[in-house]
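This is what each chain is made of:
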Amino acid sequence: MAADGSATNWAENLEKLGLTLPPVAPPVAAYIPAIRTGDHVYTSGQLPFVNGELSAVGKVGAEVSVADAKEAAKYCALNALAAVHDLVGLDNVVRIVKVVGFVASAPGFDGQPVVINGASEFLGEVFGDAGVHARSAVGVSELPKNTPVEVELIAEVR
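Now for a quick tour of the structure. (Residues numbered from 1 in each chain as written. Predicted model: local features only at pLDDT ≥ 70, side-chain atom pairs only at ≥ 80, totals over all residues. Heavy atoms only, no water.)

1. Here we look at the overall build of the protein
- Counting its regular elements, the protein contains three helices and seven strands.
- Along the first, second and third principal axes, the C-alpha set of the protein runs to 45 × 30 × 25 Å.
- In the protein, which comprises 158 residues, the proportion classed as buried is 46%.
- The long-range share in the protein, meaning contacts at least 24 apart out of those at least 6 apart in sequence, stands at 82%.
- As presented, the protein carries roughly 7,400 Å² of accessible surface, and 52% of it is formed by carbon and sulfur atoms. (Helix = DSSP H or I, 4+ residues; strand = E, 2+ residues; numbered from the N terminus. Buried < 20%, exposed > 50% of the residue type's maximum accessible area, 1.4 Å probe, protein only. Contact = heavy atoms within 4.5 Å. Areas by Shrake-Rupley, 256 points an atom, 1.4 Å probe, with all protein chains shown as cover.)

Structure (structure tokens):
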């Protein structure tokens, strides 16, 4: 459902983007991919796995370009949607409420918001107005598995 109560065309929109929901990435530590409390689903931080492999490794502004990191952020968001879908089904998403993105940043790199736009723009393409959300984009020195980007989200569900 969209914020206005109408059904979203998330599956059709993913198809137009040439994407499908992947299997949920197995946890790499002691956590679960997503949890529901009340009308919200919180995902754990998702990495940019594509077919079981990271789409990029290294720090943004050094080994990883902004364009590649932005694409990685999109894959993180896709993996977060897979976790939501596995738990409650994307047909039950009312809206994406918040996105938190972490960017492994080389010294002096300050383009974290541009990188996390990869996730935000993707969620807008999938859910339309229901994909517009609050957001944080944070630069960090290291992320798990030397990934350049990690994204988590909160979705309101019915």
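2. So, the nonpolar core
- Core analysis: the largest hydrophobic core is formed by 39 residues, its most contacted members being Leu 81, Ile 96, Phe 122, Phe 127, Val 149 and Leu 153.
- Elements with a minimum of two residues in this core: helix H1 (10-16), helix H2 (66-88), strand S5 (93-104), helix H3 (112-127) and strand S7 (149-157). (Core = buried A, V, L, I, M, F, W, Y, C linked by side-chain atoms within 4.5 Å.)

3. Here we look at the side chain of Asn 79
- Among the secondary structure elements, Asn 79 is positioned in helix H2.
- On the basis of relative accessible area, Asn 79 is assigned to the buried category, the value being 3%.
- In terms of polar contacts, Asn 79 uses its side chain to reach the backbone carbonyl oxygen of Phe 49, at 3.1 Å. (Polar contact = N/O pair within 3.5 Å; in protein donor to acceptor, adjacent residues only side chain to side chain.)

4. Topic: the sheet that holds strand S1 (residues 34-37)
- The five strands are arranged S1-S2-S7-S5-S6 in an open sheet whose pairing can be described as mixed. Among the strands making up the open sheet, the edge pair consists of S1 and strand S6 (134-140). Across the sheet, the mean angle from the axis of one strand to that of its neighbour is 15°, orientation sign disregarded.
- Pairing geometry for S1 and strand S2 (residues 40-43), over four bridges, is antiparallel. (Pairing = 2+ DSSP bridges. Axes fitted to C-alpha atoms, helices over the stretch in contact; angles between N-to-C directions.)

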